[in-house]
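Summary of structural features
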Amino acid sequence: MIRRPRVMGIVNVTPDSFSDGGRLSTLEAAVTHGLALVTQGADILDIGGESTRPGADPVSEGDELARVLPVIEALRRQWDGPISIDTLKPAVARAAVKAGATMWNDVTALGGRSASPAVAAELGCDVVLMHMQGEPRTMQAAPRYDDVVVEVRDRLVERAAAAMAAGVARERIWLDPGIGFGKTLDHNLALTRHLDVLTATGFPVLFGASRKRMIQAVDPSAHDPLDRLGGSLALALEAARRGAELIRVHDVRETVQALAVQAAISGP
Ligand code: 7PJ
């Protein structure tokens, strides 16, 4: 039986988070949610204190630290599995790793700050290099590519080379196509359909499309992110089939089950 990919459970610690509507804004709720995701089968937790959804405003370093650090510290006391910090700020990544995080998930692929590659090397943690065209506030205005699959792959391989030049070990690097980050529906579909082009680089691939707007673009009735589970599962299964090793999701239990059944079907 093929091994199913691992599942990364999303823990938003943002009052404006689009799919949790602020309900996880307190420390206690975030920690409770994270532990519930572990019970549901999450292999790794991704803690984020700055929303990067389209149109979102930036958050100050102080506010971001105040949101995520207590959550990471509390989770670390109660769980010894891997924890990822979703941030583009090297100072937040450094503090998070000191508090016990083991992975830096950077939606700017270490390009958000000039110090990022060197800090990633210094921390020695796993690093996710995600592709984004433009910046969150404006990235969905007019995304444009000649060949989105090749351009995203080439850009990520370039960012991986920059990370390695700064001292990040090759085996620490993950690539992520950045579904929804400066991409139209057609771009997102092509990146999913041809995810094997990214896995062929030899770097492990993380894929995240959970509850994203591309699902509403296919099913216009799904304007509420909570109504996008079916689409999220379809995307997770396809990404797994195309070689993704880590799938980032809100609905951990349902995703783990779908991936387990897919692996069982594929046989011994
Ligand atoms: C992603 C992410 C993603 C990685 C977000 C949302 C928007 N990090 N952070 N990949 N998306 N690595 O969850 O809808 O796709 S925030």
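This text goes with the structure placed above it.
Starting afresh in each chain, residues are numbered from 1 along the sequence in its written order. Restriction of local features to residues with pLDDT of at least 70 applies here, the model being predicted, together with a cutoff of 80 or more for giving and counting side-chain atom pairs; totals for whole chains, interfaces and linings are based on all residues. Excluding hydrogens and water, the side-chain figures rest on all heavy atoms present in the structure.

What follows covers the overall build of the chain. Elements are defined by DSSP. Helices are runs of H or I of four residues or more, strands are runs of E of two residues or more, and each kind is numbered from the N terminus. A count of helical and extended segments in the chain gives 10 helices and 8 strands. When we talk radius of gyration, it's over C-alpha atoms, and the globule rule is simply 2.2 Å times the number of residues to the 0.38. Here the chain has a C-alpha radius of gyration of 17 Å; the compact-globule value for 268 residues is 18 Å, and the two agree. Taking the principal axes of the C-alpha coordinates as reference, the chain spans close to 40 × 40 × 40 Å. Exposed residues in this analysis have more than 50% of their type's maximum accessible area, buried residues have under 20%, and partly exposed residues fall in between, with area computed by a 1.4 Å probe over protein chains only. Relative to its full complement of 268 residues, the chain shows a buried share of 53%. Note on contacts: a residue pair qualifies if any of its non-hydrogen atoms lie within 4.5 Å across the two residues. In the chain, once contacts between residues fewer than 6 apart in sequence are set aside, the share between residues at least 24 apart is 68%. Across the chain, the mean location of the 29 positive side-chain charges is 2 Å away from that of the 33 negative side-chain charges. His is not counted, nor are the chain ends, whereas Lys and Arg count as positive and Asp and Glu as negative. Every charge is mapped onto a representative atom, which is NZ of Lys, CZ of Arg, CG of Asp or CD of Glu.

Across the two faces of strand β8 (residues 246-249) the burial is the same, with Leu 246 and Arg 248 and Ile 247 and Val 249 all buried. Should DSSP find at least two bridges between two strands, the strands are taken to pair. Two elements, strand β1 (residues 6-12) and β8, share 4 bridges in a ladder whose sense is parallel. Bridge pairing in β8 places Val 7 opposite Ile 247. Taken together, the 2 bridges between strand β7 (residues 206-207) and β8 define a ladder with parallel strand orientation. Across the sheet, residue Leu 206 finds its bridge partner in β8, namely Leu 246.

The criterion is simple. A nonpolar core is a set of buried Ala, Val, Leu, Ile, Met, Phe, Trp, Tyr and Cys residues joined through side-chain atoms within 4.5 Å. Judged by nonpolar contacts, the single largest core of 64 residues is most densely connected at Leu 45, Ile 47, Leu 129, Ile 173, Leu 175 and Phe 207. If sequence neighbours within four positions are ignored, Leu 45 has contacts with Gly 9, Val 11, Gly 34, Leu 37, Val 38, Leu 75, Trp 79, Pro 82, Ile 83 and Ser 84. Membership of the second largest hydrophobic core comes to 7 residues, among which are Met 103, Val 128, Leu 206 and Leu 246.

Close contacts around the ligand come from 13 residues, with Asp 86, Asn 105, Asp 176, Lys 212 and Arg 248 the closest. For this analysis, a polar contact is any N or O atom pair within 3.5 Å, provided that within protein one partner can donate a hydrogen and the other can accept it, and provided that sequence-adjacent residues contribute only side-chain to side-chain pairs. Here an oxygen atom of the ligand and a side-chain polar atom of Lys 212 are 2.6 Å apart. Basically, the charged four are Asp, Glu, Lys and Arg, the nonpolar ten are Ala, Val, Leu, Ile, Met, Phe, Trp, Tyr, Cys and Pro, and anything else, Gly included, counts as polar. When grouped by side-chain class, the residues that make up the shell around the ligand number 6 nonpolar, 3 polar and 4 charged. If a single non-hydrogen atom of a residue is within 4 Å of a molecule or strand, that residue counts as near it.

In this section: the pairing of strand β3 (residues 83-86). Neither face of β3 is exposed, since Ile 83 and Ile 85 on one face and Ser 84 and Asp 86 on the opposite face are all buried. The pairing of strand β2 (residues 44-48) with β3 spans 4 bridges and is parallel. Counted as the bridge partner of Leu 45 is Ile 83 from β3. By convention a crossover is right-handed if, when the strands point away from the viewer, the path from the first strand over the helix to the second runs clockwise. Tracing the backbone out of β2, into helix α2 (residues 61-78) and back to the parallel element β3 gives a crossover that is right-handed. The sheet contact formed by β3 and strand β4 (residues 103-106) spans 3 bridges and is parallel. Among the inter-strand pairings, Ser 84 is bridged to a residue of β4, identified as Met 103. On the question of chirality, the crossover connecting β3 to the parallel β4 by way of helix α3 (residues 90-98) is right-handed.

In this analysis an axis means a line fitted to C-alpha atoms, helices contributing only their contacting stretch, and an angle means the value between N-to-C directions, from 0 to 180 degrees. The geometry of helix α9 (residues 229-241) relative to helix α10 (residues 252-266) is characterised by a closest axis approach of 10 Å and an angle of 45° between their N-to-C directions. As summarised for this structure, α9 and α10 are arranged oblique, according to the angle between their axes. In terms of crossing hand, the pair formed by α9 and α10 is right-handed. Residue-level inspection shows Leu 229, Leu 233, Ala 236, Leu 237, Ala 240 and Arg 241 of α9 in contact with α10, the latter providing Glu 254, Thr 255, Ala 258, Leu 259 and Gln 262. Here the residues of the contact of α9 with α10 are counted per class, giving 7 nonpolar, 2 polar and 2 charged. Each angle is binned into one of four classes, with values under 35 degrees roughly parallel, values over 145 roughly antiparallel, values of 65 to 115 roughly perpendicular, and all other values oblique. Note on convention: the crossing is left-handed when the near helix lies turned anticlockwise from the far helix by less than a right angle, right-handed when the turn is clockwise.

Let's shift gears to the sheet that holds β1. Strand order across the open sheet formed by 8 strands is β6-β5-β4-β3-β2-β1-β8-β7, with parallel pairing between neighbours. If you trace the sheet from one side to the other, it starts and ends with β6 (173-176) and β7, each paired once.

Okay, the pattern of salt bridges next. By definition here, a salt bridge exists when the distance from a side-chain nitrogen of Lys or Arg to a carboxyl oxygen of Asp or Glu is within 4 Å. Counted by the stated rule, this structure contains 13 salt bridges. We note a salt bridge from Arg 94 to Glu 122, for which the minimum N-O separation is 2.9 Å. Residue Arg 94 is located in helix α3, and its partner Glu 122 is located in helix α4 (residues 116-123); the two are separated by 28 residues in the primary sequence. The class of Arg 94 is partly exposed, set by a relative accessible area of 27%.

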